[in-house]
Amino acid sequence: MTDVLRIGVLGSAEIARRRMLPAFARSAAFEVTAIASRDPDRGAAAAAPYGARVVPGYARLIEDGDVDAVYVPLPLALHAEWVEAALRAGKHVLAEKPLSTSPEVSADLFALARRRGLALMENVMFVHHGQHARVRRLLAQGAIGEPRSVQATFTVPRRPAGDIRYRPELGGGALWDTGVYPVRAAQLLLGTGLTVVGAVTTAAAGFDVDTSGAALLRRPGDGVAVQLSYGLDHAYRSSYEIGGSSGRLTLDMAFTPPADHVPVLRLDDSSGTRELRLEPEDQVAGTVAAFAEAVRRGTVDTEHERATLEQARLLRDIRAGAAAASAAAEASATAAAAAAAAARAPVPSD
């Protein structure tokens, strides 16, 4: 492997073009070497700013000896297949979140990476922004007393018709796309062992996937309650709030802040309200740097693996809880309709 890591990209998804490719190009650790695309014109347009080669097909790219690592921004339904293929071809992998739709599949992918001495990282970028470390330090210092509740929300406006986020066969839906953020935030703030108490999802008219949802979680032991909401058909909102026994911490622009955004933590306690202004940070650059370090180590980061698998478990349990709630509501409605019909039926005379 060369000193500069040669990165290949599977596809030319929007997040690759808009965020990751520029970040790889700005990093001294990476060289954008190749982009695989089923659409030659689209691939050429994505590759041109970086002088990268366009490779016809994903399989050709992962077998390319001039590629050290692979970035996978494909639709969710394709993640597991191509992450596994890239690992078996000896490539380090950065994959868009979530890594897969199953905790078991994700665990198998991490195990494969470990056996082959390769880095595997799920691309949850916001965890690499220092504003969250500052929040955690304040919590540890008792700035709001003992945590009592967490509320986290990530919602985005509706995308154009036909967007992959609305296609069930490609792993679309709000839970996989936007629900990941508040789930991971809850883990980041409260640690492991969270359990799902209940969940609901909604599919807006004309959609075949969930477009919004909410979940209630709790932390065993102290019973801290966690309320999560997410959606793909909403006004933009990206925030979380931690309520404590003696105060409250609020963070807006929590998940997708621009690199020049000045984070503001709002602390409310008995002395009033204070705003703590932090330095801007580029969380995309932080993600790229973290991946470069993982590749240099040539191994799976144990803490990252644990967090990713915990996240996968919670997403699975939220999905199952929402399905159970929907089935129960449907059964209740059917029973109510049957009872109403029976009440309207004429009473037979003797």
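So, a few notes on the structure that sits alongside this text. (Residues numbered from 1 in each chain as written. Predicted model: local features only at pLDDT ≥ 70, side-chain atom pairs only at ≥ 80, totals over all residues. Heavy atoms only, no water.)

### Examining helix α5 (residues 103-115)
Just so we agree on the cut-off: Secondary structure elements follow DSSP: runs of H or I no shorter than four residues count as helices, runs of E no shorter than two count as strands, and numbering proceeds from the N terminus. For a helix, the expected span equals 1.5 Å multiplied by the residue count minus one. Accessibility here uses a 1.4 Å probe with only protein chains present; expressed as a share of the type maximum, an area under 20% marks a residue as buried, one over 50% as exposed, and anything in between as partly exposed. Any pair of residues with heavy atoms lying within 4.5 Å of one another is described as a contacting pair.
In a regular helix each residue adds 1.5 Å, so 13 residues correspond to 18 Å; α5 covers 18 Å between its end C-alpha atoms and thus fits that length. The complete set of buried residues in α5 reads Pro103, Ser106, Leu109, Phe110, Leu112 and Ala113. As for α5, its buried residues are in contact with α4 (79-88), β6 (120-123) and α9 (302-344).

### Examining the packing of helix α1 (residues 14-26) against helix α8 (residues 283-297)
This is how the line gets drawn: To get an axis, fit a line to the C-alpha atoms, keeping to the stretch in contact for a helix; angles then go from 0 to 180 degrees between the N-to-C directions. By the definition adopted for this analysis, an angle is roughly parallel if under 35 degrees, roughly antiparallel if over 145, roughly perpendicular if from 65 to 115, and oblique otherwise. We call a crossing left-handed when the near helix sits turned anticlockwise from the far one by less than a right angle, and right-handed when that turn is clockwise.
Here α1 crosses α8 at 60 degrees, and the two axes come no closer than 9 Å. Here α1 is positioned oblique relative to α8, judged by the angle of their axes. Here α1 runs over α8; the crossing is right-handed. Judged by residue contacts, Arg19, Met20, Ala23 and Phe24 of α1 engage Gln283, Val284, Val288 and Phe291 from α8.

### Details of the sheet that holds strand β10 (residues 225-231)
Two pairing modes exist for strands in a sheet, parallel and antiparallel, and in both the strands are linked by backbone hydrogen bonds. The condition that has to hold: The pairing criterion for strands is at least two bridges between them, as found by DSSP.
Taken in spatial order, the eight strands make up an open sheet running β8-β9-β10-β7-β11-β12-β13-β14, and their pairing is mixed. Strands with a single pairing partner mark the edges of an open sheet, and in this sheet they are β8 (195-202) and β14 (272-277). Pairs of neighbouring strands in the sheet enclose a mean axial angle of 10 degrees, with direction left out of account. Sheet topology places strand β11 (residues 237-244) next to strand β12 (residues 247-252); five bridges connect them, and they run antiparallel. Within the sheet, the bridge partner assigned to glycine 243 lies in β12 and is arginine 248.

### Quick word on the packing of aromatic side chains
Rule in force here: Working definition: rings of Phe, Tyr and Trp (its six-membered ring) pair if their centres are within 6.5 Å, and the pair is stacked with planes under 30 degrees apart, edge-to-face with planes over 60 apart, and tilted otherwise.
All chains considered together, the criterion is met by 12 aromatic pairs. Ring geometry for phenylalanine 154 versus tyrosine 181: centroids 4.4 Å apart, planes at 50 degrees, classification tilted. Separated by 27 residues along the polypeptide, phenylalanine 154 in strand β7 (residues 147-155) and tyrosine 181 in helix α7 (residues 174-190) bring together distant segments of the chain. Each member of the pair, phenylalanine 154 as well as tyrosine 181, carries the same accessibility label: buried. Pairing tyrosine 181 with phenylalanine 255 gives two aromatic rings, centres 5.8 Å apart and planes at 55 degrees, and the pair type is tilted. Here tyrosine 181, found in helix α7, pairs with phenylalanine 255, found in the loop between β12 and β13 (264-269); they are 74 residues apart in sequence, far enough to count as distant. What makes phenylalanine 255 buried here is its relative accessible area of 1%. A connected cluster of aromatic rings, assembled from ring pairs, spans Phe126, Phe154, Tyr181, Tyr236, Tyr240 and Phe255.

### Topic: the pattern of salt bridges
Selection rule: A carboxyl oxygen of Asp or Glu within 4 Å of a side-chain nitrogen of Lys or Arg is what we treat as a salt bridge.
Overall, the coordinates contain 27 salt bridges when judged by the stated rule. A salt bridge links arginine 88 to glutamate 84, with the nearest nitrogen and oxygen atoms 2.9 Å apart. Of the two residues, arginine 88 and glutamate 84 both sit in helix α4, four residues apart, roughly one turn of that helix.

### Notes on the packing of α7 against α9
We apply this condition: Amino acid classes used here: Ala, Val, Leu, Ile, Met, Phe, Trp, Tyr, Cys and Pro are nonpolar; Asp, Glu, Lys and Arg are charged; the rest, including Gly, are polar.
Taken N-terminus to C-terminus, the directions of α7 and α9 make an angle of 120 degrees; their axes are 10 Å apart at the nearest point. Taken together, α7 and α9 sit at an angle that is classed as oblique. Here the hand of the crossing between α7 and α9 comes out right-handed. Between α7 and α9, the contacting residues are Leu175, Trp176, Gly179, Val180, Val183, Arg184 and Gln187 on the first element and His304, Ala307, Thr308, Glu310, Gln311, Leu314, Leu315, Ile318 and Arg319 on the second. A per-class count over the contact of α7 with α9 returns eight nonpolar, five polar and three charged.

### Focus on the sheet that holds strand β5 (residues 92-96)
Judged by pairing direction, the sheet is parallel, and its six strands sit side by side in the order β3-β2-β1-β4-β5-β6 without closing on themselves. On the outer flanks of this sheet lie β3 (53-55) and β6, each paired with one strand and no other. When the angles between neighbouring strand axes are averaged without regard to direction, this sheet yields 25 degrees. Inspection of the sheet shows strand β4 (residues 69-72) paired to β5 by four bridges, in the parallel sense.

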